Amino acid sequence: MEHYRRAEVVEQPLEPAQLPFRHLPDDLVWMKVKATSRVANMVGYVQTQLKTHDHVLWSGRGQAVCKAIQSAELLKKAVGELHQETHCCYHRSTEVWKPKENEALDTLKVNKDIPAIHILLSKTPLNPDSPSYQPPHQTAPFWSAAGAEETTTQTKKPNRTTQEAAGGGDTSLKKRRRRGPPGAR
């Protein structure tokens, strides 16, 4: 590719009809998250919009997927009682590469499938039959109840002061570690 330069990147604009939701509500705040978007600003704006709207759709693609998820989770924590439906998909972008010097080379078109996420949050219940539906304040564990029995508890390793307090050892018999270079003692 050293003989080519990228001439343009063509991304198809995202339309509501292309979204993977069956029934998209009319009163919807659609937040199209970009990699440069500020999470705090977006969440603050949506909190004010939720006073007059019932639904928020967070959409992010490429490097903005993490920010879309983070924004949705922060909004759920701030507002509470929000129903969620999430869909992951791919959006196609086309890169056009033109030759730098040699006109005998052909122009290349490279299609890329970019991962995307769409998170619909709603004050009213959504479709509970959807596999991606999450009710508000879901307290059930992610793993099955059978796996819950296998959980392990971590124990804190006792340090020297707790051993001494418990009568677990005499530190006077132990060799003291010297610190610093050998000639500085």
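The text that follows walks through the structure, step by step, so that each part is easy to find. No experiment lies behind these values; they were computed from the predicted model shown.

The next thing to look at is the overall build of the chain. When helices and strands are counted, the chain shows four helices and six strands. Expressed as a percentage of the 185 residues in the chain, the buried residues total 29%. Long-range contacts, defined as pairs at least 24 residues apart, comprise 75% of the intrachain contacts of the chain with a sequence gap of at least 6.

The subject of this paragraph is the nonpolar core. Among the nonpolar cores identified, the biggest contains 19 residues, and Met 31, Val 46, Val 56, Trp 58, Leu 75 and Leu 121 are the most heavily contacted of them. Those elements giving two or more residues to this core turn out to be strand 2 (28–33), helix 1 (39–49), strand 3 (55–61), helix 2 (65–79) and strand 5 (108–122). Apart from the residues lying within four places of it in its own chain, the contact partners of Val 56 are Leu 28, Val 29, Met 31, Val 46, Leu 50, Leu 75, Ile 119, Leu 120 and Leu 121. Core analysis: the next-biggest nonpolar cluster, separate from the first, contains seven residues, Leu 19, Phe 21, Leu 120 and Tyr 133 among them.

The N-to-C vectors of helix 1 and helix 2 enclose an angle of 45 degrees; their axes lie 10 Å apart at closest approach. Of the possible angle classes, the one that applies to helix 1 and helix 2 is oblique. Viewed along their axes, helix 1 and helix 2 form a crossing whose handedness is right-handed. Seen from helix 1, the contacting residues are Val 39, Met 42, Val 43, Val 46 and Gln 47; seen from helix 2, they are Lys 67, Gln 70, Ser 71, Leu 74, Leu 75, Ala 78 and Val 79. When its residues are assigned to classes, the contact of helix 1 with helix 2 shows eight nonpolar, three polar and one charged.

For Lys 98, the position within the fold is in strand 4 (residues 83–99). Along the primary structure Lys 98 and Glu 8 are separated by 90 residues, whereas in three dimensions their C-alpha atoms are 9.2 Å apart. For Lys 98, the contacting residues outside a window of four places in its chain are His 3, Tyr 4, Arg 5, Ala 7 and Thr 107.

This part is about helix 1. The periodicity of an α-helix, 3.6 residues per turn, causes residues three or four positions apart to be oriented the same way. Within the sequence span of helix 1, burial applies to Val 39, Met 42, Val 43 and Val 46. Buried residues in helix 1, looked at end-on, bunch into an arc of 95 degrees, giving them a common side. Exposed side of helix 1, more than 90 degrees from the buried face: Ala 40 and Asn 41 are the residues found there. Against the buried residues of helix 1 lie strand 2, strand 3 and helix 2.

So, about helix 2. For helix 2, built from 15 residues, the straight-helix expectation of 21 Å at 1.5 Å per residue is met to within 8% by its first-to-last C-alpha distance of 21 Å. Next to the buried residues of helix 2 lie strand 2, helix 1, strand 3, strand 4, strand 5 and strand 6 (133–134). In the segment just after helix 2, Gly 80 is the residue with positive phi, at about 75 degrees.

Take the side chain of Ser 37 next. By the element assignment, Ser 37 lies in the loop between strand 2 and helix 1. Note on Ser 37: relative accessible area 16%, which makes it buried. Here Lys 34 takes part through its backbone nitrogen, which lies 3.0 Å from a polar atom of the side chain of Ser 37. In this view, Ser 37 contacts Met 42 and Lys 67; residues no more than four positions away in its chain are not counted.

Unusually for a residue other than glycine, Glu 81 sits at a positive phi of about 55 degrees. Relative to the assigned elements, Glu 81 resides in the loop between helix 2 and strand 4.

Scanning the model with the defined rule gives zero disulfides in all. Cys 88 provides the cysteine sulfur closest to Cys 89, a residue in no disulfide bond, and the two sulfurs are 7.5 Å apart.

A word on the side chain of Ser 132. Following the sequence through the fold, Ser 132 ends up in the loop between strand 5 and strand 6. Apart from residues lying up to four places away in sequence, Ser 132 is in contact with Gln 84, Glu 85, Thr 86 and His 87.

Rules used throughout
- Residues numbered from 1 in each chain as written.
- Predicted model: local features only at pLDDT ≥ 70, side-chain atom pairs only at ≥ 80, totals over all residues.
- Heavy atoms only, no water.
- Helix = DSSP H or I, 4+ residues; strand = E, 2+ residues; numbered from the N terminus.
- Buried < 20%, exposed > 50% of the residue type's maximum accessible area, 1.4 Å probe, protein only.
- Contact = heavy atoms within 4.5 Å.
- Core = buried A, V, L, I, M, F, W, Y, C linked by side-chain atoms within 4.5 Å.
- Axes fitted to C-alpha atoms, helices over the stretch in contact; angles between N-to-C directions.
- Parallel < 35°, antiparallel > 145°, perpendicular 65-115°, else oblique.
- Left-handed = near helix turned anticlockwise from the far one by under 90°.
- Nonpolar A, V, L, I, M, F, W, Y, C, P; charged D, E, K, R; others polar.
- Arc of directions from axis to C-beta.
- Expected span 1.5 Å × (residues − 1).
- Polar contact = N/O pair within 3.5 Å; in protein donor to acceptor, adjacent residues only side chain to side chain.
- Disulfide = S-S within 2.5 Å.

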